[in-house]
Each structure stands twice: as C-alpha cells, then as structure tokens.
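What follows is each chain in one-letter form.
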Amino acid sequence: MSDIAPATDLAPEAARAAPPAPLDRGESLLRRHAATFLRSPSAVVGLVVLVLAVLGSLAAPWIAPQNPYDLTQLDIMDNMLAPGERLAGGTVAYLGTDNQGRDMLSAILYGLRISLGVAAAATIIASIVGASVGVLAAYVGGRVESFVMRVVDLQLSFPAILVALVLLAVFGRGIDKVILALVVVKWAYYARTVRGSALVEKRREYIEAARCLALPRWRVVFRHLLPNCLPPLIVVATVQVANAIALESTLSFLGVGVPVTEPSLGMLIATGYQYLLSGKYWISTFPGVALVVVIVAINLVGDRLRDVLNPRLSK
Amino acid sequence: MLVYLIRRLSQSLLVVAVMATLVFLAVYAVGNPVDILANPDADQQERAAITARLGLDRPLYEQFGVFIWNALHGDLGRSFVYNAPAVDVILERLPATMELALVGLVFSILIGIPLGVLAGLKPESWFGRTIMSGSILGFSLPNFWIGLMLILLFAVELKLLPASGRGPTASVLGFKTAMFTWEGLKHLILPAVTLALYKAALVVRVAQAGTREVMLQDYIRFARAKGLSPLRIVGVHVLKNMMIPVVTVLGLELGSMIAFAVVTESVFAYPGMGKLLIDSINRLDRPIIVAYLMMTVVIFVVINLVVDLLYAAIDPRVRLSDAKG
Amino acid sequence: MAIPVLDVDNLVVSFGTREGELTAVNGVTFQVHAGEVLGLVGESGSGKSVTGLAVMGLIDAPGRIASGSIKLLGEELVGRSERELRAIRGKRIAMIFQDPMTTLNPVLRIDTQMIEAIRAHESVSEKAARDRARQALAQVGIPSPEERLNAYPHQFSGGMRQRVAIATALLNRPAVLVADEPTTALDVTIQAQILAEVQTLAADHGTAMVWITHDLSVVAGLADRIAVMYSGRIVETGPVEGVLDAPIHPYTNGLIGSVPSRNRRGVPLAQIPGMAPSLARVPPGCPFNPRCARATATCRADMPGPTLYEGDRMARCHHPVPAPESAAA
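Residue indices follow the written sequence of each chain, beginning from 1 at its first position. To label them, take the chains in the order written and letter them from A, then take the ligands in the order written and number them from 1. Given that the model is predicted, a residue must reach a pLDDT of at least 70 before its local features are reported, and side-chain atom pairs must reach 80 or more before they are shown or counted; all residues, however, enter totals for whole chains, interfaces and linings. Hydrogens and water are ignored here; the side-chain numbers use all heavy atoms of the structure.

Description of the interface of chain B and chain C
The condition is simple: In what follows, a contact means two residues having at least one pair of non-hydrogen atoms within 4.5 Å. By convention, the term buried area covers the 1.4 Å-probe accessible surface removed from two parts as they join, with the contributions of both added. Any Lys or Arg side-chain nitrogen found within 4 Å of a carboxyl oxygen on Asp or Glu counts as a salt bridge. Polar contacts, as counted here, are pairs of nitrogen or oxygen atoms within 3.5 Å of one another; within protein the pair requires one atom able to donate a hydrogen and one able to accept it, and residues that are adjacent in sequence qualify only if both atoms are side-chain atoms. Numbering of helices and strands runs from the N terminus; a helix is a DSSP stretch of H or I covering at least four residues, while a strand is a stretch of E covering at least two.
If you look at the interface, chain B gives 23 residues, while chain C gives 30 residues. Contact between chain B and chain C buries roughly 2,400 Å² in total, counting both sides, with carbon and sulfur atoms accounting for 60%. The interface formed by chain B and chain C holds 3 salt bridges in total. Where C:Asp60 meets B:Arg224, a salt bridge forms, and the shortest distance between an N and an O atom there is 2.8 Å. Inspection of the region where chain B meets chain C yields 12 residue pairs in polar contact (both at pLDDT 80 or more). Residue assignment for the side of chain B that touches chain C shows that the elements contributing at least two residues are α9 (218–225), α10 (230–267) and α13 (316–324) of chain B. Top contributing element to the side of chain B that touches chain C by residue count: α10(B), with 7 residues.

Written out as structure tokens, the structure is:
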C-alpha cells in the first residue's frame, strides 16, 4: 500500500519500524532491495525522471542553448518571446524567453542545478547534524536526551517556512545562507528519526557486544549504532529533499532566497509572476512544471524506498 | 478542569517567554539596527546619539529587560516605514489574515473530510486510491505555484475570479470583514483554496486513516446490527470518532496556516500580515518583524490551548480523566 | 409443529481471498423455535461467528453467502436487498457481540445509542424512545437507569456495558437474538448473572436465541439444543442433555472431556490433540480425521453425511462414539 505520511508524520513512523537485524553489509541485501524497488513501475518512472533531471542540470553548461547567467549572451531584443519563436541569434526558444531575453529552457536547466544543489547540500548537512545529535542523544540518554528532544519539539512546532524566512531576513540573501537556513529548519526531523531508531537499536545484542569489547564510545556510536539507524534516515531524507526544493523555491519566490543573478526555479517563477496577468504564461509555468515534476519524482522514489526499507511492510 | 486549565496556561506562558528570548536574540543581537536607521552619511557622533537613544549602548541583559518590559506593555517598537507602533500596523492587517486562515480552514475541512472518509470507506477502490495519490500531490507541491496556476486558470483564462487584493469590507458585529460581501468572498476564494489545499491533503490522510480504523471497530458492527442507516453510521458513529485526530491535526495546523499565509498573501497581493512581513523583510523594517513574530507565537500558543479544550469537548474520555487529575 | 422462528438450511458462506475461495461455513442447517435457545459451539475458526453474522446479513466483501437459505418466520432473507435487511436488522433479529468494552461507541452517550436503535425502525418521539430505553435498562438490572442514560460507555464496568448492549439489542423485541460469546470477556460471577437475566428475558418475550460460544458449561446451563461446529460444518446436533450425556461425534466427546468438572478432580483433563484446521488447508474426508482417535481410511477419504439418531439427534461420523455405559466416560 502506498501510504505516504506527510513529511512531519513520516519521522516517527519510520522511526517506529524496527530495522532488521544488524545490517548485512553484503551485496546481496543491496541487490534484493534494488530488485524490490524496481518492482514498482511508478517508482521506476520517478527514478528515471530524477536521474534525467540530475544529469540535465549537471550537464547544463554543455546542453543548454545559452548561458543565462552570462549577460553578454543575452539580447534584450529577445525578451518575452513566446514558446517556439526564434532568438535573434537564430536558435529556437522552445519554451520562450523571459523579460531579459533569457531562453527559458536554459534558465530552467541552470535553475534546476541551483534548486537541486541547494536542496541536496542542505539535506546532506542537515541529516549529518541531525543524525549525530539524534544518535548521541539516544546513546547518552538522561537529561541530555530530554533536553535535546525538547529543543527538537519546540523547533518542529514552528512552521519551517516562518523560521527560514526570519533567518534569511537576518542573514540576507545568498546560496550559502539559504542552505544554512534549510539546515537549521530541517535538522530536527533527522534528529527525531534517528533517535527513534537508535533507541530501538541500542538495546540489541550487537551493541551490548560492542560495549563489552570495551570499544571506544565514539566507535560504538558511530560505527555500530548509527549505520543501523540509517534506513529510516534515508527514507526521511529522500522525502525531505523534495521538501527542501519546495521550501527553497518558496523562499526564492518571496525574494529572500538565492540572489537575482543566479535564479533558481522559484525565482524564475517569481519573475514570470509579474507577466502572468498579461497572458505571458510561459515564464512562470515551465519552471513550475519542472519543479513539480522533480518533486513528484522524488516523492515516488521516497515512497517506494519506504516500502523497501521498512521491514514491517516487506514480507 | 480548572487545574488542567491553569497547568496548560502556565505551559503556554513558558513557551512565549522562551520564544521572546529567541526572537530578541535572533533579531536584536544580530547586526546593528543603527546601520539601517542612521543616514549612511551620518558621522560617528550622530550614530552614537542614535545608539544611545535606542539604548543599544547598554548591556545585552538590560536591553533584553527593556524589550520584555515594553513587550509586556504591548509596545513592540515603532515601524520605520509606517512611522507608527508596530503592533498597530500589524493589528490593522490581522483581520484580513484571520479571515483568510478561517476561510482556508473551512475549505480544508469541506474538501478534506468528505474525501478522506470516502477514501477510508473504500480504501481499495480506484477512487480511494486516486484520492490518496492526489493528497500526496497536495502536500508535496509548492503552495505558491498552485496559487499561480489557479490565477492563470480562474483569473486570466476564465476571468471568473479576481487575481489579487482583498474585496471591500463591511462592518459586521463591529468587525470589518470582507466575508459577507459578494465581492469580498470572490477575492477570498482563490487565496483561501490555495491556502487550504495543503491542509486538505493532510486532513484527507488523517480522515482516511481514522475512518479505516473506526470502521473495523466492534461498535460499528453493533451499530449495523441495530439496523442503522449507512448515513447515520458514517455521519454520527464514524465521524465523531474520526474527528478526534482530525481536530488535533487541524488545530495544530491552524497556526501553520497563518504562517503559510505569508506565501499565499504574497502570491495574491492580499493585504494581510503575512504580506506585511515579507514587505518588512525586504525593507528591513525590523520592529515589524519582531512584532509579527511575537504576535504569531502568542497566536500559536492560544490556538494550541483552544485545540486542547476542543479536544476535551469532543472526547468524553479526555474530559473525564482531566476532571479527575 | 409451529414453523421455526429461524430456519437456516444448507448455508454456505465463502470468502474470496488471494489463495482462492475459502469456505467458512459449509452447509449449515438448524432451526430455532420461539423461546428456544440454540447453543452453537465450536473452537475459534469453526465458522460459528460467521454463521451468526450471516443470519444478520452482515457478511461483508470479500465474503458472501454462496448458497442456502435463511428463513425468518418463513420469510427468506438470503438475496434480500441491503435496505430490506436493514429494516429487519435490529428490529426482528438482533445481535450482541463478544467484547462489551468495544461494542458501544465511546464518544456517544448511552441514550443516543439506545434511542437511535429504536428510531431506526419506528417513528416515535425522542421522549417516548428515551422512556423505552430507560425501561430496558431497568430490565437488565442497571440501577438508576435515568442517570445512566446520560453516561458515556467508559463510565460503566464491563458487565454493565454488556447489559447495556443486551438492553439495546432487545429494545425492539426481536424475534431472534444472536449472541456471539457475549459473556466470554466477563468475570464468572457476572457471567452467571447475565446468563440468568438473558434467560428470563428470552423466556418472557419468547425470543429465539442463537448463543454462540466455545464454552460448553455456558451451553449446558442455558441452551435447549446444541449444535457443535467443526471446520464450517455442524458435526453434531440435538437436545442439550442428550448431546452432553451421550455425545455421538468424537469431537463433541473430546470437547466434553476437556471441560474441567468437579466430579473428576485429580484426573488429568482429556485433550483433543492438534489444532483446528485453517480454512485454506482443510484435510480431505472428515475434517476432524487428523485429530480423531477413531479415524480410519474411510474417514480420510469420505466426508460423512448427516445421520439421524434417536432422540431428535444428528451427527456426521463414520465411527460414532458408542453409547456410554456410565457418565464417568
């Protein structure tokens, strides 16, 4: 059953599921998971779309008709061309151009790069921070744990968008600042997820055994405990990438995100917004479609990963 | 009940206090407001004068004390842009946002509960599955984009509804509201739907899960054995049980609706406090930002309190156990 | 002889599952007359509860009544529309369930739940319905019924809740009451009280009862007739004394032997070896054969047909238990 909980609900959900006995690091497990994953057609479609999007954004400098950040390549005479019209240079703008004469296809490819990059970076950093905090809290326990979890709860009780807005209002614009803001609002999800599974794993025999061997504490926590808390973390992180993309695009749309010179998808949409009412739909619509397609693709993959990595559901 | 209320109230006050500290630290302690306030050409003396006037030369704890003292008296600073007390500027916009959130909430219930219940009654059917897939879209798609598409469809193409702004207000029971004029409602529909979709998706999921669970209960079988009509079983027995999780979720989400209104109001150029926040951030009108945050925290806390009380009203079991404790 | 209130004939209920069509009730036949109590006895999974639900018309997809007939006072119920069945349910046939903690809706007051049961079938005023509900509560021995009407289920004990459920089921004076292990979850003393009350009520109203249970001692005190189910079939039926004193089917015999009795203290309880077969893996021939000491090759090949015995009795067995020489079998 596809039963995606919203991201907020996913954390405890995934955390409650007891992962299987200590991860068999063998290849067979990976192969089995891959096989299970591929059995869902929608997940495969999602994965293919996602891979294409990542490849397309990585290869943007080579495959895009123009470099939208290079002002010398832009011709203001090309502005607001409808999809299919020709630029002054002769190339066809299949998706039209924006108010500065940027080819939308190129802008989308470059924008995707920024959107995906920001989201991936933020997710990786946030999950590392969150997972470390979560696993340590679970391992140490006691007051440290309850204090950390209080902070997590408090953080999660406020809408991410508001916290991010305020942070960016304080920091100012910039790609690094957007990433920082996303990390600040997202780490708590991972901390909660990992703590949940670490609490379960902590009581298992292999941790007991590792402790009996008098291995150093950090080694027990990071080499033994943490890897076994990864499956739910991966699931949450996947869905959170989509969430981070949506959040970044929203922030950029509101004008507090990435700088104007390097527009992400959200900012392209914001630019087009001004022209929407005069019927120039393409500037907003196409970046929006790209955004939506990527988000849906990630969700499909995340949904399937959840089924695959959740031993409670897999038979 | 009274003990419970007092306990909840003190918890709420604690949260407000903690948030006040955080907001103070985040907004006041980072950066120097003088940079924004002072004329860029101002010399050292002028800057010092401003610093002294704002009390920025005093130690942090003292500034904090002043901030809290003023806040307790309802003074959260003066807006640079509007040259008026920040609280007043926000309060002026509050009704518009509340109206939007309220209508949005109603929409999300009207959309979410019927769909969720339907999907829960027939989880394996094609429409049950379609509803659930649709709900995934509902909360994974960026809200502002949905708003834009609605504008494109209903305002630009079909020309049915206005694309932006708030309709004329009328005075009802002393409140100026746009909910009771046709023009006002027309202006509300698109932003409220946009705001509602995310919550509706959430309500669908909660309602679906709740319905599925309730339908398996013995009391539903007993109700059927009594010969009750499906309408009564679903409308009374299922709905009332299912409302418990739904109210909890919706209540907790009402606060985030006010936060999400920031986005929706920007898309629809709707003159509420969310748009004010964005404008203030862009204009660096710091007192407004602080005042907005403090007021939002208070609204959040109040909402959570109300939800808890509502919860007690729906579930007799909660009512009783709290009366005892 | 008057026509039976409930006449079930050759009832077959099956469930469509991934492993194919599973038959939960396989050719069940019984009659219950006015004022009579039929004890439907069997282990879990024997099909006794499904039989009860089928009588109520409460078999949900993927289950269905595949064939057979259920007649209420001569009227056929199988094949009726849901709307027609709804008019009968709760009005002419009522049912109570096993767990009194879960059969009442926790968020609705008792009066709401009782009044709706009346008003689903009769257009009476709220007040008249409430009066009837109060009387019904008083009848099942609930003190200060007027106050209790305003209470919520969690304010009652388990026994009291089951009384409320029974009162609710009997509100419309149904011709048939199907009781699915209603006392199993209760303390023995409460169980005895409730059994006594139900017996009186049924006798007073002439209600025909189907009392589903796995507990032979309950049946012994309550039922007039007994029907023993095994793997979807009634394997033995007859008047309660006859069956309990001289069981014909080895399964019935085993069931009786496994009931502790004060006459046999110190003697180890007899057991039926093994477990009831799952519906997906019913053994060929007599389904009881793998657990039966008397089984032969015939039993493994052929399902025994119904054989009539003296004293209005029936059993399905190739090798019936010989009549006991004494009660201490």
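Now that the structure is up, let's keep going.
Some thoughts on the nonpolar core
Quick reminder of the rule: Among buried residues, the Ala, Val, Leu, Ile, Met, Phe, Trp, Tyr and Cys ones that are joined through side-chain atoms within 4.5 Å form a nonpolar core. Relative accessibility under 20% of the residue-type maximum defines a buried residue, over 50% an exposed one, and the middle range a partly exposed one, all with a 1.4 Å probe and only protein chains included.
Ranked by internal contacts, the top residues of the largest apolar core, which has 143 residues, are A:Leu165 and A:Ile245. Filtering out sequence-adjacent residues up to four positions away, A:Leu165 remains in contact with A:Leu251, A:Leu254, A:Val256, B:Val262, B:Leu277, B:Ile278 and B:Ile281. The next biggest cluster of nonpolar side chains, apart from the first, holds 94 residues, and it includes C:Leu137, C:Val198, C:Ile226 and C:Cys286.

With respect to the UniProt feature "transmembrane region" (unreviewed entry) in chain A
Residues and elements named next belong to chain A. Where we set the bar: UniProt positions are given in the numbering used here, feature names are shortened, and annotations may be inferred rather than shown by experiment.
Cross-referencing UniProt, the feature "transmembrane region" (unreviewed entry) maps to residues 41–64, 114–139, 151–172 and 281–302 in the present numbering. End-to-end, the C-alpha atoms of residues 151–172 are 25 Å apart, and along that stretch the chain is 82% helix and 0% strand. Helix makes up 95% of residues 281–302 and strand makes up 0%, while its end C-alpha atoms are separated by 31 Å.

Digging into the pattern of salt bridges
Residues and elements named next belong to chain C. Evaluation of the coordinates by the stated rule reveals 25 salt bridges over all chains. When the shortest N-O distance is used, the salt bridge between arginine 64 and glutamate 21 registers 2.9 Å. Here arginine 64, found in strand β4 (residues 63–72), pairs with glutamate 21, found in strand β2 (residues 20–32); they are 43 residues apart in sequence, far enough to count as distant. Classification of arginine 64 as partly exposed rests on a relative accessible area of 43%. For glutamate 21, a relative accessible area of 43% gives the class partly exposed. Because the salt bridges share partners, they merge into one network encompassing Arg109, Asp111, Lys127, Arg130, Asp131, Arg134 and Glu146.

Considering the packing of α10(B) against helix α11 (residues 273–283) of chain B
Residues and elements named next belong to chain B. Here is the rule: For every element, the axis is a line fit to its C-alpha atoms; helices are fit only across the contacting stretch, and the angle between N-to-C directions ranges from 0 to 180 degrees. When describing relative orientation, an angle under 35 degrees is termed roughly parallel and one over 145 degrees roughly antiparallel, while 65 to 115 degrees is termed roughly perpendicular and anything else oblique. Each residue receives one of three labels: charged for Asp, Glu, Lys and Arg, nonpolar for Ala, Val, Leu, Ile, Met, Phe, Trp, Tyr, Cys and Pro, and polar for the others, Gly being one of them.
Two elements in contact, α10 and α11, have axes separated by 7 Å at closest approach and are oriented at 85°. One finds that α10 runs roughly perpendicular with respect to α11. Residues Val262, Glu265 and Ser266 of α10 pack against Met273, Gly274, Lys275, Leu277 and Ile278 of α11. For the contact of α10 with α11, the per-class residue count stands at 4 nonpolar, 2 polar and 2 charged.

Observations regarding empty space enclosed by the protein
Residue and element names in this part refer to chain C. Cut-off, in case you're wondering: Only protein atoms enter the calculation, which uses a 1 Å grid: trapped sets of points that fit a 1.4 Å probe without letting it out are cavities, open sets showing protein on both sides within 12 Å along at least five of seven lines are pockets, and any residue with an atom within 4 Å of a point is a lining residue. Grid points are joined across faces, edges and corners, and a volume is the space filled by probe spheres set on the points.
This structure, assessed with the given rule, holds 5 cavities of 30 Å³ or more. Taken as a whole, the second largest cavity encloses approximately 60 Å³ of empty space. Residue lining of the second largest cavity: 13 residues in total, with Pro250, Cys286, Cys292, Cys299 and Cys317 positioned closest to the centre. When its residues are assigned to classes, the lining of the second largest cavity shows 8 nonpolar, 4 polar and 1 charged.

Looking at the UniProt feature "domain: ABC transmembrane type-1" (unreviewed entry) in chain A
The positions UniProt marks with the feature "domain: ABC transmembrane type-1" (unreviewed entry) are residues 112–302 of chain A. With 84% helix and 0% strand, residues 112–302 of chain A has its two end C-alpha atoms placed 19 Å apart.

Comments concerning unusual backbone geometry
All names here are of chain C. Non-glycine residue serine 144 carries a positive phi angle of around 40°. Secondary-structure assignment places serine 144 in the loop between α4 (126–139) and α5 (145–149). Despite not being glycine, aspartate 312 has its phi angle at roughly 60°, a positive value. Structurally, aspartate 312 is set in the loop between β11 (307–309) and β12 (313–315). In this structure aspartate 312 comes out as exposed when scored by relative accessible area, which is 53%.

Some words on the environment of A:Ala270
Here A:Ala270 is to be found in helix α12 (residues 265–276). Considering only alpha carbons, one finds A:Ala270 and A:Ala60, 210 residues apart in sequence, at a separation of 21 Å.

Focus on a nonpolar patch on the surface
Residues and elements named next belong to chain A. Heads up, the rule is: Surface patches are defined over residues having more than 30% relative accessible area and no salt bridge, joining like charges when they lie within 9 Å and nonpolar side chains (Val, Leu, Ile, Met, Phe, Trp, Tyr) when within 5 Å. Note that accessible areas follow from Shrake-Rupley with a 1.4 Å probe, and for residues the cover is restricted to the protein chains shown.
Judged by side-chain polarity, Leu136, Val140, Val144, Trp218 and Phe222 come together as a nonpolar surface patch covering roughly 460 Å² of accessible area. When you line up the elements, valine 144 lands in helix α6 (residues 142–156). On the accessibility criterion, valine 144 (46% relative accessible area) is partly exposed.

What about the sheet that holds strand β5 (residues 75–76) of chain C?
Residues and elements named next belong to chain C. Here is the rule: Pairing between two strands requires that DSSP report at least two bridges joining them.
Overall, antiparallel pairing links the 4 strands, which are arranged β2-β1-β4-β5 in an open sheet. Since the sheet does not close on itself, it has two edges, and those belong to β2 and β5, each with one partner. In this sheet, β5 lies alongside β4 in antiparallel orientation, the contact comprising 2 bridges. Each residue of the ladder has a partner; that of lysine 71, found in β5, is glutamate 76.

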